Amino acid sequence: MSETVAVVVVTYNRADLLEGMLAGLAALERLPDGIVVIDNASTDHTPDVLARATNPGLVVLRTDENLGGAGGFHLGVQIAHEKGFDRFWLMDDDVVPAPDCLTVLMATDEPCLAAVREDRNGHLVEKAALRFDLRNPLAIKPKTAMVETTYGERSRMPERVELENVAFEGFLVRREVIDRVGLPDPSYFIFYDDVDLAIRARRAGYRIWGVRDAVLVRQLDFDQQHDLSGWKGFYMYRNLFVVHFRYGENLPVRLKPWLVAAVVVALSPVRGGRGEARNVIRAIRSARGMRRLPSSSVD
């Protein structure tokens, strides 16, 4: 008997992108058996787009407030799990799958799979980590190798590559994994919730495979250079610190957030970044309260 799959989509104020993504899902060779869309209290015309959508098996839940991507994926996977689907395909609203993307993924008998992202010009933009180092305290950033920079072009990739983290843009995970490690952690709000789930899955003994021929087309350019003195900067620092506190493989790695915070504060007068210094102080205080591992319950 073939497995069932539900797409879990989180959206917030990007109605036109969402409409294109839903059209891409409708054009798949192998249609999903269900689609769960979490509308994070959008204030644009997202409700109109969803009301017009004719995708089979579409379920929409509009939240009372913006739960962030992490809260949205937590809720969406929980709903899909309650409905009994065998696999969950997690996806943002800014990607469009190639027509054969789900066909290729579903033909691969592995619990954790990831599609590979290209931009609209066909260039490889897959930033999933081939190496995510939580052992070396001298690694400035834990992501020390990623698909895009290692291979350059999708054609140079092997058919499957093993990944050490993923993005929730095309991550296909079996029910057994969620049953074992739990749902995405909503407390991250944005950033690193996908990394956290990947670490939990790998530490439970699962391997994560990027599938070369399962393609997602990203509709927006990557802009990872966020203002570190703004609200996103707080979450970027805090959630990176949480990952180190929770999953650092030795004491120096688990202490690294304190060193990073001290350096940022010390350099703030030179860099003119007092806002960033305030963010990093708030971030480490908040991260200390998130050191406990998330529950493995799906209830």
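Presented here is a report on the structure given in the accompanying data block. In this text the structure is predicted, and so the values were computed from the model without any measurement.

### Some remarks on empty space enclosed by the protein
Item 1. Following the criterion strictly, the structure yields 1 cavity of 30 Å³ or more and no others.
Item 2. Approximately 40 Å³ is the volume found for the largest cavity.
Item 3. If you go around the largest cavity, the residues you meet are A114, A115, R117, E126, A128, V166, A167, E169, G170 and F171.
Item 4. Per-element tally for the lining of the largest cavity: the top contributor is strand β6 (residues 112–118), with 3 residues.
Item 5. Of the residues that constitute the lining of the largest cavity, the class distribution is 6 nonpolar, 1 polar and 3 charged.

### Some remarks on the nonpolar core
Item 1. Formed by 39 residues in total, the largest nonpolar core has its most connected members in F88, C112, V147, L163, F171, V173 and I178.
Item 2. With 5 residues, helix α3 (residues 68–82) is the largest single contributor of residues to this core.
Item 3. The residues touching L163, leaving out its near neighbours within four places in the chain, are A114, A128, A129, L130, V147, R202, I208, W209 and G210.
Item 4. By size, the runner-up hydrophobic cluster in this structure holds 27 residues, among which are C101, M106, A115 and A214.

### Considering the packing of helix α7 (residues 193–203) against helix α8 (residues 231–247)
Item 1. Where α7 meets α8, the axes come as close as 11 Å, and the angle between the chain directions of the two elements is 15°. Taken as axis vectors, α7 and α8 run roughly parallel relative to one another. Note on packing geometry: the crossing formed by α7 with α8 is right-handed. Within the contact between the two elements, α7 uses D196, I199, R200 and R203 and α8 uses V243, R246 and Y247.
Item 2. The class makeup of the residues in the contact of α7 with α8 is 3 nonpolar, no polar and 4 charged.

### Quick word on the packing of aromatic side chains
Item 1. For the structure on display, the rule yields 7 aromatic pairs.
Item 2. When the centroid spacing of 6.2 Å and the interplanar angle of 85° are considered together, the rings of W231 and Y235 count as edge-to-face. Placement of both W231 and Y235 in helix α8 is noted, with a separation of 4 residues, approximately one turn of the helix.
Item 3. On the accessibility criterion, W231 (53% relative accessible area) is exposed.
Item 4. Ring geometry for F234 versus Y235: centroids 5.0 Å apart, planes at 70°, classification edge-to-face.
Item 5. Its relative accessible area of 18% is what places Y235 among the buried residues.
Item 6. One aromatic cluster in this structure is built from F189, W231, F234 and Y235.

### Side note on helix α10 (residues 274–288)
Item 1. Between its first and last C-alpha atoms α10 spans 22 Å; for 15 residues at 1.5 Å apiece the expected length is 21 Å, and the two agree.
Item 2. For α10, every residue scored as buried is listed here: G275, E276, A277, N279, V280, A283, I284 and A287.
Item 3. The inward-facing, buried residues of α10 abut α8 and α9 (251–271).

### Overview of the environment of T108
Item 1. Its place among the elements puts T108 in the loop between α4 (101–106) and β6.
Item 2. For the pair T108 and V211, spaced 103 residues apart in sequence, the C-alpha separation works out to 8.6 Å.
Item 3. Setting aside residues no more than four positions away along its own chain, T108 makes contact with R87, L113 and R160.

### A few points about the environment of V49
Item 1. Along the chain, V49 falls in helix α2 (residues 46–52).
Item 2. Counting along the chain gives 81 residues from V49 to L130, while the straight-line C-alpha distance between them is 37 Å.
Item 3. Apart from the residues lying within four places of it in its own chain, the contact partners of V49 are A15, L18, E19 and L22.

Reading guide: rules and limits
Residues numbered from 1 in each chain as written. Predicted model: local features only at pLDDT ≥ 70, side-chain atom pairs only at ≥ 80, totals over all residues. Heavy atoms only, no water. 1 Å grid on protein atoms, 1.4 Å probe; cavity = no way out; pocket = protein on both sides within 12 Å on 5 of 7 lines; lining within 4 Å. Points joined across faces, edges and corners; volume = space filled by probe spheres on them. Helix = DSSP H or I, 4+ residues; strand = E, 2+ residues; numbered from the N terminus. Nonpolar A, V, L, I, M, F, W, Y, C, P; charged D, E, K, R; others polar. Core = buried A, V, L, I, M, F, W, Y, C linked by side-chain atoms within 4.5 Å. Buried < 20%, exposed > 50% of the residue type's maximum accessible area, 1.4 Å probe, protein only. Contact = heavy atoms within 4.5 Å. Axes fitted to C-alpha atoms, helices over the stretch in contact; angles between N-to-C directions. Parallel < 35°, antiparallel > 145°, perpendicular 65-115°, else oblique. Left-handed = near helix turned anticlockwise from the far one by under 90°. Phe/Tyr/Trp six-rings, centres within 6.5 Å; stacked < 30°, edge-to-face > 60°. Expected span 1.5 Å × (residues − 1).

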